[in-house]
Amino acid sequence: MGKTIAVTNQKGGVGKTTTAVNVSAGVGKLGKKSLLVDVDPQGNATSGVGVDKRSIKYSSYNIIIDGVKAQETIIHTAYDNLDVIPASIELAAADMELVDVEKRESRLKNALALVKDQYDYIFIDCPPSLGLITTNALCAADTILVPIQPEYYALEGLSQLMNSVRIVKRRFNSYLEIEGVLLTMYDGRLNLTQQVVQEVKKFFPHKVFSAVIPRGVRLSEAPSFGMPIMYFDKNCKGSTSYMELAEELIKNNQ
């Protein structure tokens, strides 16, 4: 039975999609069967693994709104052990379409339950908001992975996210736990970075990943080629860091 991890932070621009793409490709490269589920209307995780959004027949939107089976939406990528359930722009209106739907928060969970035993890990790339689509992802997940940019506003966003997690845990998914907090766009030379890291570690004792993700030109170039970083430039710092994260995540789950 696979483990489902929602990669989430309602604050945009923290490296959430970059993390979802590269950790799922990283664990795949290490021999674990991995499924990336894109539920962000922007669909950046979909194109980030080389899938042309114009060629998609079914997406995560069809799973959540139309009840299409997850198996029918899965696309095999060109990368080791990595499949993807793509996203489409139609997801942007899905929150409104779900308003009157019965058991609306568990649509994704029920669909993924049928393919869960085919994968070691399922990673869900969430939209940068706390609407019904993110609630679906949190209901489907066993744990959440939270990317954080070490800056002044990071902790403010964290407390909002944790409040949402508590609500989902109380009402829909009592098993939801924190997989870990990942520091992204990390620059150890800055005093502010060190201060925020200390605060995050206080907020989440024993939950901050040892692996940290630095800023890097190669990391920002890779998505435009539709390639995870370890396939785009396996020797760059970003690639090394995401492979360290993948190894740490697998080790923590043994």
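For the structure given in this document, a descriptive report is provided here.

Right, let's talk about the nonpolar core for a bit. One broad trend across soluble globular proteins is that nonpolar side chains are buried collectively. Counting 48 residues, the largest nonpolar core has Val37, Leu108, Leu112 and Ile124 as its most contacted members. Once you skip the residues sitting within four places of it in the chain, Leu108 turns out to touch Val37, Val39, Ile63, Ile64, Ile124, Asn136, Ala137 and Ala140.

A few words now on the pattern of salt bridges. Pairing of side chains with opposite charge becomes possible as their charged atoms draw close. Within the structure shown, the criterion is met by 10 salt bridges. A salt bridge links Asp83 to Lys33, with the nearest nitrogen and oxygen atoms 3.6 Å apart. One end of the pair, Asp83, is in strand β4 (residues 82–85); the other, Lys33, is in the loop between α1 (16–29) and β2 (34–38), with 50 residues separating them in the sequence. Among the charged side chains, a salt-bridge network with shared partners connects Lys16, Asp40 and Asp125.

This part covers the pairing of strand β5 (residues 121–125). Counting buried residues in β5 gives five out of five residues, a clear majority hidden from the surface. Burial of β5 is two-sided: the residues Tyr121, Phe123 and Asp125 facing one way and the residues Ile122 and Ile124 facing the other way are all buried. The sheet contact formed by strand β1 (residues 3–7) and β5 spans five bridges and is parallel. Its bridge partner lying in β5, Thr4 is registered against Ile122. Where β2 meets β5, five bridges bridge the pair, whose relative direction is parallel. Bridge pairing in β5 places Asp38 opposite Asp125.

Our focus in this paragraph is α1. Here α1 spans 20 Å end to end across 14 residues, near enough to the 20 Å set by a 1.5 Å rise per residue. Extensive coverage of α1 is indicated by the burial of 12 of its 14 residues. Those residues of α1 lying buried are Lys16, Thr17, Thr19, Ala20, Val21, Asn22, Val23, Ser24, Ala25, Gly26, Val27 and Gly28. One or two positions beyond α1, positive phi appears at Gly31, with a value near 95°.

Attention now goes to the packing of helix α7 (residues 154–171) against helix α8 (residues 191–203). Remark: α7 packs on α8, axes separated minimally by 11 Å, with the N-to-C direction vectors making an angle of 20°. Judged by the inter-axis angle, α7 sits roughly parallel to α8. Pair α7 / α8 crosses with right-handed handedness. Residue-level inspection shows Leu155, Leu158, Ser159 and Met162 of α7 in contact with α8, the latter providing Glu199, Val200 and Phe203. Of the residues that constitute the contact of α7 with α8, the class distribution is five nonpolar, one polar and one charged.

Quick notes on the rules
Throughout, a residue's number is its position along its own chain's written sequence, starting from 1. Totals for whole chains, interfaces and linings use all residues, but because this is a predicted model, local features are given only for residues with pLDDT of at least 70 and pairs of side-chain atoms are given and counted only at 80 or more. As a convention, hydrogens and water are excluded, and side-chain values are obtained from all of the structure's heavy atoms. Think of a nonpolar core as a cluster: buried Ala, Val, Leu, Ile, Met, Phe, Trp, Tyr and Cys residues, connected wherever their side-chain atoms sit within 4.5 Å. The cut-offs for exposure are 20% and 50% of the maximum accessible area for each residue type, with area from a 1.4 Å probe on protein chains only; residues under the lower value are buried, those over the upper are exposed, and the others partly exposed. Contacts: residue pairs with any heavy atoms within 4.5 Å of one another. The rule for a salt bridge is simple: a side-chain nitrogen of Lys or Arg has to be within 4 Å of a carboxyl oxygen of Asp or Glu. Strands are runs of DSSP state E lasting at least two residues, helices are runs of H or I lasting at least four, and both sets are numbered from the N terminus onward. The pairing criterion for strands is at least two bridges between them, as found by DSSP. Every helix has an expected span of 1.5 Å times one less than the residues it contains. Here an axis means a line fitted to C-alpha atoms, over the contact stretch when the element is a helix, while the angle between two N-to-C directions is reported on a 0 to 180 degree scale. Roughly parallel refers to an angle under 35 degrees, roughly antiparallel to one over 145, roughly perpendicular to one between 65 and 115, and oblique to any angle outside these ranges. Crossing handedness is defined as follows: a turn of the near helix away from the far one that is anticlockwise and smaller than a right angle gives a left-handed crossing, while the clockwise case is right-handed. For this classification, the nonpolar set comprises Ala, Val, Leu, Ile, Met, Phe, Trp, Tyr, Cys and Pro, the charged set comprises Asp, Glu, Lys and Arg, and every other residue, Gly included, is treated as polar.

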